[in-house]
Amino acid sequence: MIADIESPRLLLRHLDPRVLRYCLAGDLTAAAELLGTPPAAAWLDEQALMALRLDDITQDPAYAPWSVRALLRREDRVMVGHANFHSLPGHPYLGAYGDVELGYTIYPDFRRQGYAREAVLALGGWAAQAGATRLVLSIAPDNLPSQALAAGLGFAKVGQSADDEGVEDILSACWPLKDARS
């Protein structure tokens, strides 16, 4: 079992292959038993991400600790979002932008409460302990809350990419991140 990453208000719990398989199959009772809480309804809409991360872990088991984690509120274990690294550190697609790319989603009912900031700081610290000190985020230019979060943590735009889903700014920062709120 891969250990939780802890922050003041969150447990970042690894969604192991069994949980991903149960969620994909719609067996929410089994998924909840392993996760320690029911999966969020919004998480169940993330079938493509579940399948992608399950395939990534199957292809390279070393990726597992870097894979998707449920963001659970410590006080009641409610799933407020999820986050993951897109690959193992040093993947060639990152080029000179950084060591590892982090992605996160906070579900609508839990936004604007500091959970994304807390998750990025917790995952960034965990990655730095593992030797990945240059973090990358890809954020749509019109996603102003995430752009503001990244700027407040010291991320700077280093490039831009476009794919079928649209244009994203590529932002990079070195650990330790600047936290404008502290």
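Residues numbered from 1 in each chain as written. Predicted model: local features only at pLDDT ≥ 70, side-chain atom pairs only at ≥ 80, totals over all residues. Heavy atoms only, no water.

Charged atoms that come close allow side chains of opposite charge to pair. Taken as a whole, this structure holds nine salt bridges when the rule is applied. With a closest N to O distance of 2.5 Å, R53 and D56 form a salt bridge. Here the residue R53 and the residue D56 both occupy positions in helix 4 (residues 47–59), the gap between them amounting to three residues, near one helical turn. R73 is paired through a salt bridge with E75; the nearest N and O atoms lie 4.0 Å apart. Here the residues in one salt-bridge network are R73, E75 and D76, joined through shared partners. (Salt bridge = Lys/Arg side-chain N within 4 Å of Asp/Glu carboxyl O. Helix = DSSP H or I, 4+ residues; strand = E, 2+ residues; numbered from the N terminus.)

Membership of the largest hydrophobic core comes to 51 residues, with the highest contact counts inside it found for L12, L15, L20, W43, Y104, L137 and F155. No other element matches the seven residues that helix 5 (residues 115–129) contributes to this core. In contact with L137, other than residues within four places in its own chain, are E101, L102, Y104, A150, F155, D169, I170 and L171. (Core = buried A, V, L, I, M, F, W, Y, C linked by side-chain atoms within 4.5 Å. Buried < 20%, exposed > 50% of the residue type's maximum accessible area, 1.4 Å probe, protein only. Contact = heavy atoms within 4.5 Å.)

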